[in-house]
Amino acid sequence: MDKKNRLILALDVTDRENALRIANEVSDYVDSIKVGYPLVLGEGLGIVKELVEIAPVIADFKVADIPNTDRLICEHVFNAGAAGIITHGFTGRDSLDSCVKVANDFGTDVYVVTEMSHPGGVEFFRPVAEDIAKMAVEAGASGVVAPATRPERVKDIRKIIGEELSIISPGVGAQGGSAADVIRAGADWVIVGRSIYNSDSPAEAAKKICDEMNC
Ligand code: O7M
């Protein structure tokens, strides 16, 4: 993903019309659009094919299954035109390897969730987040997902993964995190949903976040 705006839109609206309107309005300010279950369950995987005409798409299916099922999910998503996929890591190295192999075949990216941004994200993830980050490096993932709500954890995870992998970081705005703080802590991109798509002017909201990050 080209690092121009450092902003990834989390497009968690559920209908095609709003999705395409918002994506078009913010396209100058985002490097990628993250699409997950809310929109794909609402409109089908075909929405990815439409959105890739506007910006590169990261498919957030938090893939977490046995290697064969993970492979099938990744193949579907990349055949639809997604440039990247988000996977869990707690399912183990063989499952992650399966996703990375498909991504390498397509020339696309895999991002692995380390610790989640919501309060419950510390309950089970905290003790294993750093091991998952190490595994992401060893498996050849493109990057990891780490919480903008806890910039100190982004710093910890950056130390583990080094400079080669990217950190994409959700939790800015609606969840209380600051874009500038988490970029300073070592994130490459912030992922922002509600603060943009619920705004009366998604473009202005996206521009404001970009300005905060000096991009
Ligand atoms: O800005 P928001 O809070 O409206 O949206 C944040 C988006 O990031 C939303 O799509 C979440 O599903 C996602 N997300 C988190 O909020 N926290 C996490 O720990 C991980 C993700 C995510 O994108 O995982 C890949």
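Residues numbered from 1 in each chain as written. Predicted model: local features only at pLDDT ≥ 70, side-chain atom pairs only at ≥ 80, totals over all residues. Heavy atoms only, no water.

Going by an unreviewed UniProt entry, the protein carries the name Orotidine 5'-phosphate decarboxylase and comes from Methanococcoides alaskense. Per UniProt, the protein carries the Subunit (unreviewed entry) text "Homodimer." Checking UniProt for the protein, the heading Pathway (unreviewed entry) contains the comment "Pyrimidine metabolism; UMP biosynthesis via de novo pathway; UMP from orotate: step 2/2." (UniProt positions renumbered as here; feature names shortened; annotations may be inferred.)

Describe in detail the UniProt feature "active site" (unreviewed entry) in the protein, supporting the description with residues and values.
Mapped onto this structure's residue numbering, the UniProt feature "active site" (unreviewed entry) falls at D60, K62 and D65. Among the annotated residues just listed, those that line the largest pocket are D60 and K62. With respect to the helices and strands, K62 occurs in strand β3 (residues 57-63). Exposure remark for K62: the relative accessible area of 31% places this residue in the partly exposed category. Of the polar contacts made by the side chain of K62, one reaches the side chain of D60; its length is 2.9 Å. Tracing the sequence through the fold places D65 in the loop between β3 and α4 (67-79). (1 Å grid on protein atoms, 1.4 Å probe; cavity = no way out; pocket = protein on both sides within 12 Å on 5 of 7 lines; lining within 4 Å. Helix = DSSP H or I, 4+ residues; strand = E, 2+ residues; numbered from the N terminus. Buried < 20%, exposed > 50% of the residue type's maximum accessible area, 1.4 Å probe, protein only. Polar contact = N/O pair within 3.5 Å; in protein donor to acceptor, adjacent residues only side chain to side chain.)

Report on the pattern of salt bridges, specifying residues and quantitative values.
Opposite charge on two side chains lets them pair, provided their charged atoms get close. In total, this model carries 18 salt bridges according to the counting rule given. Residue K101 is joined to D105 by a salt bridge in which the shortest nitrogen-to-oxygen separation is 3.2 Å. Taken together, the residues span about one helical turn, with K101 and D105 both in helix α5 (residues 93-106) at a distance of 4 residues. As far as burial versus exposure is concerned, K101 and D105 are alike and both exposed. E115 is the salt-bridge partner of R153, the closest N and O atoms lying 2.9 Å from each other. (Salt bridge = Lys/Arg side-chain N within 4 Å of Asp/Glu carboxyl O.)

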